[in-house]
Amino acid sequence: MSNVRYVYGLTSALLVGGAALSLMTGYPAGAQVAQNDDTVMNRVVPIEGAPASFADLTEQLQPAVVNISTRQRVTVSNNPFAGTPFADLFGRRGGSGEPQTREANSLGSGFIISADGFVVTNNHVVSPDNRATLEEITVTMPDGTEYEAELIGSDAQSDLAVLKIVSDRAFPFVEFGDSSQTRVGEWVVAIGNPFGLGGTVTSGIVSAVYRNTGQGGAYDRYIQTDASINRGNSGGPLFDMRGNVIGINNAIFSPSGGSVGIGFAIPAEIAEPIVNQLKAGEEIERGYLGVSLQPIDDDLADSLGLDRNRGELVQIVSDDSPAENAGMRPGDIIVGVDGREVSAEQTVSYLVANIDPGETVPVTVLREGRETRLNVTLGKRPSEAELAQQQQTFDPESDEPMDPETSDEMIAEKLGLQVLELNDQIARSLGVGADTEALVIGAVDPNSDAGRKGLRRGDLILSANYQPVGSIEALREQITAAEDDNRDAVLLRIQRRGQPARFLPVRLR
């Protein structure tokens, strides 16, 4: 090994020198390679303290870390005025206004977990948004060899995905470690593909374990590190000094977009069970309570006479949810789930998501200063898209334009309406029952017949052609039926808040 000279200030030199006294070698670790006799390669890496070099460890691990690229087909509007009153005018002046298909690409990192080529990465690396279709996934090895890969399974809530390299060769691979034993201050190494620069190695320490970022969700629980992580590192491994994967690099905190020494990795103890289920083709099911929660901050704690960092305040209880069925109320403070205390590091969402749907668990709440135990039979957690729709707010008085990304294309084209299916939040904002069978108008094209006849955001569509329309598909069917009968209009029954329902014919475009 060639000698490399480092120049530090006095304090830094003392720190490095002191740490180097505890350097030890001889512990097996690193990337594993399938052998004919089913043995694995011998490995020699440092374990405790600051290593003199990361070179030996990197040499053994890097062959199992891959770059991942995707090719996607994206449909975008060709009308710069789409969703505005000028959309039709643009089309009449020679613009086609038709959606255009373009090609897009994404880059990220991943790591091989078995000799037969299973790869772990982040879901957001390989799963396009709702405007795009995934066309191709390419895995590039450190030596530049490229392989086609198949998406075996993905999970948006944990942001994990499993791929399978299409090849019969044996691949080097790495294993998950026990992230629950990770300690603040331990050395870690990240390997990945930042900004498309493949095979980039950075090192640092564990800055925090089980960091809650405040973003919410079932998996807001990360290992924080100051190892340099940037765009393109997503999905890459975070290694401990034994060569085991203790985290999957996922996100950074950065005002500038580049690394400022605050990176987040999904802990291996959370990732490994999900990866195993995805690899086996199993559906990921999580427990669901059905509440909107707020952490207990200092002001809330003072107003309620509570200890800091304990419990979460129930703001909303969804109709007919497991929480409502168990007797939970807005204003309750959940302080325990299934015998485990609720804290900033162990949130209600995390605890509930890691319990199987259908299980009945005790939930401890504070109600008017007294502890109450509720037995809750958990439901199945909806998808992220369904949760977002349930939690969205709806202001019927806002003047929102048509949104081409969220509008049903056929209904928007034929009626000039953007419609939404009713959920608990929208129903409450409109003052109607959650069991109302209707669609709500989200936006109206003022150049359409519906716009000229005064329909507006917040109006309910109860029926079309005398048929109930509790879903977007039901309204589409009635538009198609009208066209098949050579009718130029659809008869809608409209309910406006505070007014009786009325029938209104709306001409098709």
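Conventions used here
Numbers given for residues are sequential positions, taken from 1 along each chain in its written order. At least 70 in pLDDT is required for a residue's local features to be given in this predicted model, at least 80 for side-chain atom pairs to be given and counted, and no such filter applies to totals for whole chains, interfaces and linings, which use all residues. With hydrogens and water set aside, each side-chain value is computed from the structure's full complement of heavy atoms. Aromatic pairing here means that ring centres of Phe, Tyr or Trp (its six-membered ring) are within 6.5 Å. Orientation follows from the plane angle: under 30 degrees is stacked, over 60 is edge-to-face, and everything else is tilted. Each helix is a run of DSSP H or I of at least 4 residues and each strand a run of E of at least 2, with the numbering of both proceeding from the N terminus. Note on classification: 1.4 Å probe, protein chains only; a residue is buried when its accessible area is under 20% of the maximum for its type, exposed when over 50%, partly exposed between these limits. When a carboxyl oxygen of Asp or Glu lies within 4 Å of a side-chain nitrogen of Lys or Arg, that pair is called a salt bridge. Residues with no salt bridge and a relative accessible area higher than 30% make up the patches, which join like charges within 9 Å and nonpolar side chains (Val, Leu, Ile, Met, Phe, Trp, Tyr) within 5 Å. For every accessible area listed, the method is Shrake-Rupley and the probe measures 1.4 Å; residues are considered covered only by the protein chains on display. Positive residues here are Lys and Arg, negative ones are Asp and Glu, while His and the chain termini are left out of the count. Where a charge lies is defined by one atom per residue type, namely NZ (Lys), CZ (Arg), CG (Asp) and CD (Glu). Only when DSSP finds a minimum of two bridges between them are two strands counted as paired. Note on geometry: axes are lines fitted to C-alpha atoms, helical ones only across the stretch in contact, with angles between N-to-C directions running from 0 to 180 degrees. For this analysis, residues touch if any pair of their heavy atoms sits within 4.5 Å.

A. Looking closely at the packing of aromatic side chains. Counted by the stated rule, this structure contains five aromatic pairs. On the numbers, 5.8 Å between centres and 80° between planes, the contact of Phe111 with Phe176 is edge-to-face. Of the two residues, Phe111 sits in strand β2 (residues 100-112) while Phe176 sits in the loop between β6 (160-165) and β7 (187-192), which places them 65 residues apart along the sequence. We classify Phe111 as buried; its relative accessible area is 0%. Accessibility expressed as a relative area gives 16% for Phe176, which makes it buried. For the pair Tyr466 and Phe503, a centre-to-centre distance of 5.5 Å together with 55° between the ring planes defines the contact as tilted. Taken together, the residues Tyr466 in the loop between β23 (460-464) and β24 (467-468) and Phe503 in strand β26 (residues 502-507) connect sequence positions 37 residues apart.

B. Focus on the pattern of salt bridges. Here the structure, examined in full by the defined rule, presents 14 salt bridges. Between Glu483 and Lys414 there is a salt bridge, with the nearest N and O atoms lying 2.8 Å from each other. Taken together, the positions of Glu483 in helix α13 (residues 472-484) and Lys414 in helix α10 (residues 409-415) put the pair 69 residues apart, joining distant regions of the chain. Asp449 is the salt-bridge partner of Lys453, the closest N and O atoms lying 3.0 Å from each other. For Lys453, a relative accessible area of 33% gives the class partly exposed. Residues participating in the shared-partner salt-bridge network are Glu283, Glu285 and Lys380.

C. Seen up close, a negative patch on the surface. Together, Asp319, Asp320, Glu324 and Asp435 make up a negatively charged patch on the protein surface. Assignment of secondary structure puts Glu324 in helix α7 (residues 322-325).

D. Broad picture of the pairing of strand β3 (residues 118-121). The alternating pattern of β3 places Phe118 and Val120 on one face and Val119 and Thr121 on the opposite face, and all of these are buried. Both β3 and β6 contribute to a ladder of four bridges, which runs antiparallel. Within β6, the position partnered with Val120 by the bridge is Val162.

E. Representation of the sheet that holds strand β9 (residues 222-225) within the structure. Read around the closed barrel, the six strands follow the order β7-β8-β9-β12-β11-β10; overall the barrel is antiparallel. Strand-to-strand, the axes of this sheet are offset by a mean angle of 45°, without reference to chain direction. Across six bridges, the pairing between β7 and strand β8 (residues 200-211) is antiparallel. Bridged to Gly192 within β8 is Thr200. Across the sheet, helix α5 (residues 268-279) touches β8, β11 (245-252) and β12 (263-267), and the angle it forms with β12 is around 50°.

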